[in-house]
Amino acid sequence: MIPATPAALAEALAGVGYLADDGLATAGHLALKLGRPLFLEGDAGVGKTAFAQALASATGAHFVRLQCYEGLDAAQALYDWDFPRQILHLRTVEAAAAAAGDRPDTAALEASLYDRRFLIARPLLQALELSPCVLLVDEIDRADDEFEAFLLEILADAAITIPELGRIAATTPPLTVLTSNRTREVHDALKRRCLYHWVEHPSFAQEVAIIRSRLPEVTERLAADVAGAVQRMRQLDLIKAPGVAEAIDWTSALAALGAREIDPDLAAATLGAVLKYREDAERVKTAQPWRSG
Amino acid sequence: MSSDLTSVLVGFARTLRNAGVHATGERVEAMVAAVDALDVSRPQDAYWAGRLTLCGEPDDLPVYDAAFAAYFGGRAPSPPAASVPAKRRAVALFAQADPNGSGGEQAGDDLAVAASTAEVLRHRDLGVLSAAERDEVRRLVALLAPATAARPGRRHRPARGGTVDPPRTVRRMLRQLGEPARLARRERRDKPRRLVLLLDVSGSMAPYADALLRFSHAAVRRRPTLTEAFTLGTRLTRVTRALRHRDPDGALRAAGEAIPDWHGGTRLADSLKAFLDRWGQRGTARGAVVVLFSDGWERGDPALLAAQMARLSRLAHRVVWVNPHRGKPGYEPLVAGMAAALPYLDDFVAGHSLAALEELVRVISRS
């Protein structure tokens, strides 16, 4: 089921706990409607990965994630044959034939070796077989250039050919969401095929709403205090400014310690949930961003 | 869609292209499709339809916003502000690399230069070359091919010796219907390290900027996907893309247009911080060989520079500082910025002459 307008999609996303702003909702809507991949960039922790997951649950699609890394190749991304099981199969057939006292039929045996059940589907093949499906290609900038070219081909055809089995095509092409942290420039050819969206940190009101929807048990006051503190931290020029994910972690840490609003001592003690650098923690402890105004 | 609307959209895309956004054919088609898919009665829908399809990187976004406001706000779009002065700056730069003004007037000097041996030229200070010498040096710099040493990689390749390669061995067995086969072996494949070049383009580095940019061009051309180049001045500019041009002069012209702060002041700590925040920490500097070309003139607090250098040295495999003044007799790293950076350097080299640049190539290739 595809929502008819960006607003309807935003509503459906909100229904599964993801609050998208205008731009992101329009991006998701266009990606669904035009069948184009969506390329998301933004600071770490702004909710790029969560968006793909939410898109899957909001549209009732399967969710497949491919985490990219240096050296990722087709066998790890697409499919691989399960060689040990194939050998085991061979031995079993052989032993059975020997017991029955006849020779195994080699041609049939070989054909049976390349049966679908010996094929290990890796994320890309899974995405083609499950439909409808949201495919998340996470941190594409970590993969090599060759992999980008390969991905481009798969995305264009929404089908692959396995020499021993034949062509496997998706009934509905998967909706692909690519994310990048900009450690390397992704090739223009890939970007050109995608819709591009830069995901910003949420506004104060949005952030409060996100924390509230993820952690319904915390007080409104605590959510607002944390959102305010985190928003002020982002102004502090830190090495790693906190994202939404960190804000949620921090809130649940504070709530776990029984806080109903931000208590400066508790906040200082739980800073590890939101800041990941010693220098940042020191800076924040001096700046005291939990004191509003 | 009406042809009127299409031509409006195409016109908008052209405006955007003139402003420097890579809004090429395929992207324009995508925009037309996007506008069609959305009911663009609301202005923000039109805004997003264009932004999602035409832009490709964060730097495009402010340009897009300005062009959208100008185009659909009814005013004629203003030409890109930086383009003309940047060209002028680049031209000024090339002229400046020759302190005698137009070198052609001094025929006597040129003849003397022609007679000078290549060996003498190799040791001449790049900041004080005549026109003919400069051309010769440019040609020689283009031949330098700096490349980093390899590091052990994660991937394997088939080899005679080394550890057993289970998948390939089992595949071999499969071919013989499960009979034991000769063991296949594999070894680690080495991977080259990334090379990151950071060029200080402030006024005090002007005499060397041309040669160092050409050096960077040679490095980028040698390994386009493994080399990154940035300029530091009052702000950070990525020039890798510009330097990928095949022709050195074309590349330098493109780089000159990209750099908004030629010969301005230096805020070394700030621009280094910008590099580390936006690129370095995310992976560009991680495990890389980072070469910083600067004289270490820092107007700000040296402690800030020291903090950023400490960060850089923790991220990078090696940090090499190239200071043209290092090669001059009697030089002592007394400039505050230089002194602050010294403890964090793996190598401190000169880079003021062709010979010094050759030495730099050797330093870079050391693992």
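The numbers attached to residues start from 1 for each chain and follow its sequence in the written order. Chains and ligands are labelled sequentially in the order written, the chains with letters from A and the ligands with numbers from 1. The predicted nature of this model means local features are confined to residues of pLDDT at least 70 and side-chain atom pairs, given and counted, to a pLDDT of 80 or more, with totals for whole chains, interfaces and linings taken over all residues. In computing side-chain properties, one takes all heavy atoms of the structure into account and sets aside hydrogens as well as water.

S.K.: What is the right way to read the sheet that holds strand β4 (residues 195–200) of chain B from this model?
M.R.: By way of backbone hydrogen bonds, the strands of a sheet pair with one another, either parallel or antiparallel. Residues and elements named next belong to chain B. Within the open sheet, the six strands sit side by side as β6-β5-β4-β7-β8-β9. Their pairing is mixed. Where the open sheet ends on each side, the last strands, each with one partner, are β6 (236–238) and β9 (347–349). Each neighbouring strand pair of the sheet contributes to a mean axis angle of 20 degrees, computed without reference to strand direction. DSSP bridges decide pairing: two strands pair if at least two such bridges lie between them. Secondary structure is summarised from DSSP: a helix means a run of H or I of at least four residues, a strand means a run of E of at least two, and numbering begins at the N terminus for each. Sheet topology places strand β5 (residues 227–232) next to β6; three bridges connect them, and they run antiparallel. Looking at the pairing, leucine 232 lines up with leucine 236 of β6. By definition, residues are in contact when any of their heavy atoms lie within 4.5 Å. To obtain each axis, a line is fitted to C-alpha atoms, and for helices this fit is confined to the stretch in contact; angles are then taken between N-to-C directions over 0 to 180 degrees. Each of β7 (289–293) and β8 (318–322) touches helix α14 (residues 302–315); the most contacted strand, β8, lies at about 130 degrees to it.

S.K.: I would appreciate a short explanation of empty space enclosed by the protein in the present structure.
M.R.: It is a probe the size of a water molecule, rolled over the atoms, that shows where empty space is left. Using a 1 Å grid laid over the protein atoms alone, points where a 1.4 Å probe fits but cannot get out form a cavity; open sets with protein on both sides within 12 Å along at least 5 of 7 lines form a pocket; any residue with an atom within 4 Å of a point counts as lining. Grid points are joined across faces, edges and corners, and a volume is the space filled by probe spheres set on the points. Under the counting rule described, the total for this entry stands at two cavities of 30 Å³ or more. Looking at the largest cavity, its volume works out to about 80 Å³. Every residue lining the largest cavity is counted, 11 residues in all, and those nearest its centre are Leu126, Leu129, Arg134, Asp210 and Ala211 of chain B. Those elements giving two or more residues to the lining of the largest cavity turn out to be α8 (131–143) and α10 (206–222) of chain B. Note that Gly is not counted as nonpolar here; it falls among the polar residues with everything else outside the nonpolar set of Ala, Val, Leu, Ile, Met, Phe, Trp, Tyr, Cys and Pro and the charged set of Asp, Glu, Lys and Arg. Residue composition of the lining of the largest cavity, by class: seven nonpolar, no polar and four charged. Reported here for the second largest cavity is a volume of approximately 30 Å³. Glu41, Arg182, Arg184, Glu185, Val186 and Lys191 of chain A together with Trp279 of chain B are the residues that line the second largest cavity. Of the residues contributing to the lining of the second largest cavity, the split by class is two nonpolar, no polar and five charged.

S.K.: Would you mind showing me how to read the layout of surface pockets here?
M.R.: By volume, the second largest pocket is sized at about 780 Å³. Lining the second largest pocket are 26 residues, and of these Asp73, Ala75 and Asp80 of chain A together with Pro167 and Arg171 of chain B lie nearest its centre. Mapped by element, the contributors of at least two residues to the lining of the second largest pocket are α4 (74–77), β3 (79–81) and α5 (83–100) of chain A together with β1 (150–159), α9 (166–175) and β3 (185–192) of chain B. Of the residues that constitute the lining of the second largest pocket, the class distribution is 11 nonpolar, three polar and 12 charged.

S.K.: Where do I start with the state of the cysteines in this structure?
M.R.: Chemically, a disulfide is nothing more than a covalent bond linking the sulfur atoms of two cysteines. All names here are of chain A. In this description, the term disulfide denotes a pair of cysteine sulfurs within 2.5 Å. In this structure the tally under the stated criterion is zero disulfides over all chains. No disulfide involves cysteine 68; its sulfur sits 12 Å from the nearest other cysteine sulfur, which is in cysteine 194. Buried residues are those whose accessible area, probed at 1.4 Å on protein chains only, stays under 20% of the maximum for their type, while exposed residues exceed 50% and partly exposed ones sit between those limits. Judged by its relative accessible area of 1%, cysteine 68 falls in the buried class. In this structure cysteine 133 is a free cysteine whose sulfur lies 15 Å from that of cysteine 68, the closest cysteine sulfur available. For cysteine 133, a relative accessible area of 3% gives the class buried.

S.K.: Mind showing me how you'd approach the packing of aromatic side chains here?
M.R.: Where two aromatic rings form a pair, the distance of their centres and the angle of their planes describe that pair. Residue and element names in this part refer to chain B. Each Phe, Tyr or Trp ring, with Trp reduced to its six-membered ring, pairs with another whose centre is within 6.5 Å; inter-plane angles below 30 degrees give stacked pairs, above 60 give edge-to-face pairs, and intermediate values give tilted ones. Inspection of the entire model under this criterion finds 17 aromatic pairs over all chains. Taking the centre distance of 5.1 Å and the plane angle of 55 degrees together, the rings of phenylalanine 12 and phenylalanine 72 count as tilted. With a gap of 60 residues between them, phenylalanine 12 in helix α1 (residues 3–18) and phenylalanine 72 in helix α4 (residues 60–72) connect regions that are remote in the sequence. Ring centres of tyrosine 71 and phenylalanine 72 lie 5.1 Å apart, and the angle between their planes is 80 degrees; this geometry places the pair in the edge-to-face category. Under the relative-accessibility criterion, tyrosine 71 is labelled partly exposed at 25%.

S.K.: Could you clarify how one ought to interpret the nonpolar core in this entry?
M.R.: Nonpolar side chains tend toward joint burial in soluble globular proteins. In this structure, Leu13, Ile140, Phe147 and Ile160 of chain A are the most contacted members of the largest nonpolar core, which totals 94 residues. Per-element accounting of this core gives the leading share, six residues, to helix α3 (residues 48–59) of chain A. Here the nonpolar core consists of buried residues drawn from Ala, Val, Leu, Ile, Met, Phe, Trp, Tyr and Cys, with membership extended through side-chain atoms lying within 4.5 Å. Among the nonpolar cores identified, the runner-up in size contains 40 residues, and Leu195, Leu212, Ala229 and Val322 of chain B belong to it.

S.K.: What exactly am I supposed to notice about the interface of chain B and chain A here?
M.R.: Reports of interface size often rely on the accessible area that becomes lost once the parts have come together. The partner chain A presents 47 residues to the 48 residues of chain B that form the contact. Summed over both sides, the interface of chain B with chain A buries roughly 4200 Å², with 52% coming from carbon and sulfur. In terms of surface lost to chain A, no three residues of chain B exceed Leu52, Leu174 and Arg282 of chain B, which account for 17% of the buried area on that side. Within this document, salt bridges are pairs made up of a side-chain nitrogen of Lys or Arg and a carboxyl oxygen of Asp or Glu, the two lying within 4 Å of each other. The tally of links from chain B across to chain A stands at eight salt bridges. One salt bridge in this structure joins arginine 314 of chain B and glutamate 279 of chain A, with 3.2 Å as the shortest N-O distance. The term polar contact refers here to a pair of N or O atoms within 3.5 Å; inside protein, the definition further demands a hydrogen-donor-capable atom paired with an acceptor-capable atom, and it admits residues adjacent in sequence only when both atoms are side-chain atoms. Across the chain B-chain A interface, the total number found is 11 residue pairs in polar contact (both at pLDDT 80 or more). Those elements that provide at least two residues to the side of chain B that touches chain A are α2 (25–37), α3 (43–54), β1, α9, α13 (268–284) and α14 of chain B. Per element, the largest residue contribution to the side of chain B that touches chain A is eight residues, and it comes from α13 of chain B. The residue inventory of the side of chain B that touches chain A, partitioned by class, reads 18 nonpolar, nine polar and 21 charged. As a working definition, buried area equals the accessible area (1.4 Å probe) given up by two parts on being put together, with both sides summed.

S.K.: Any chance you could explain the UniProt feature "domain: VWFA" (unreviewed entry) in chain B here in plain terms?
M.R.: UniProt positions are given in the numbering used here, feature names are shortened, and annotations may be inferred rather than shown by experiment. Look at the UniProt record and you will see "domain: VWFA" (unreviewed entry) annotated at residues 192–358 of chain B. End-to-end, the C-alpha atoms of residues 192–358 of chain B are 20 Å apart, and along that stretch the chain is 44% helix and 17% strand.

S.K.: Help me understand the sheet that holds strand β2 (residues 163–164) of chain B, please; the structure alone is not making it clear to me.
M.R.: Residue and element names in this part refer to chain B. Pairing is antiparallel in the open sheet, where three strands are placed in the order β1-β3-β2. Two strands in the sheet have a free side with no partner beyond their single neighbour: β1 and β2. Relative to β3, β2 is paired through two bridges, and the arrangement is antiparallel. Bridged to valine 164 within β3 is arginine 185. Across the face of the sheet, α9 comes into contact with β1, β2 and β3 while running at roughly 140 degrees to β3.

S.K.: Whenever I open this one, the pairing of β7 of chain B confuses me. Can you help?
M.R.: Each regular strand displays side chains that alternate between the two surfaces of the sheet. Residues and elements named next belong to chain B. Among the five residues that make up β7, five are buried, leaving the element largely enclosed by the rest of the structure. Both faces of β7 are covered, namely the face carrying Val289, Val291 and Phe293 and the face carrying Val290 and Leu292. As defined by bridge partners, β4 adjoins β7 across five bridges and the pair is classed as parallel. Across the sheet, leucine 198 pairs through a bridge with leucine 292, a residue of β7. In terms of strand pairing, β7 meets β8 through five bridges, oriented parallel. Residue pairing across strands places valine 289 opposite arginine 318, the latter belonging to β8.

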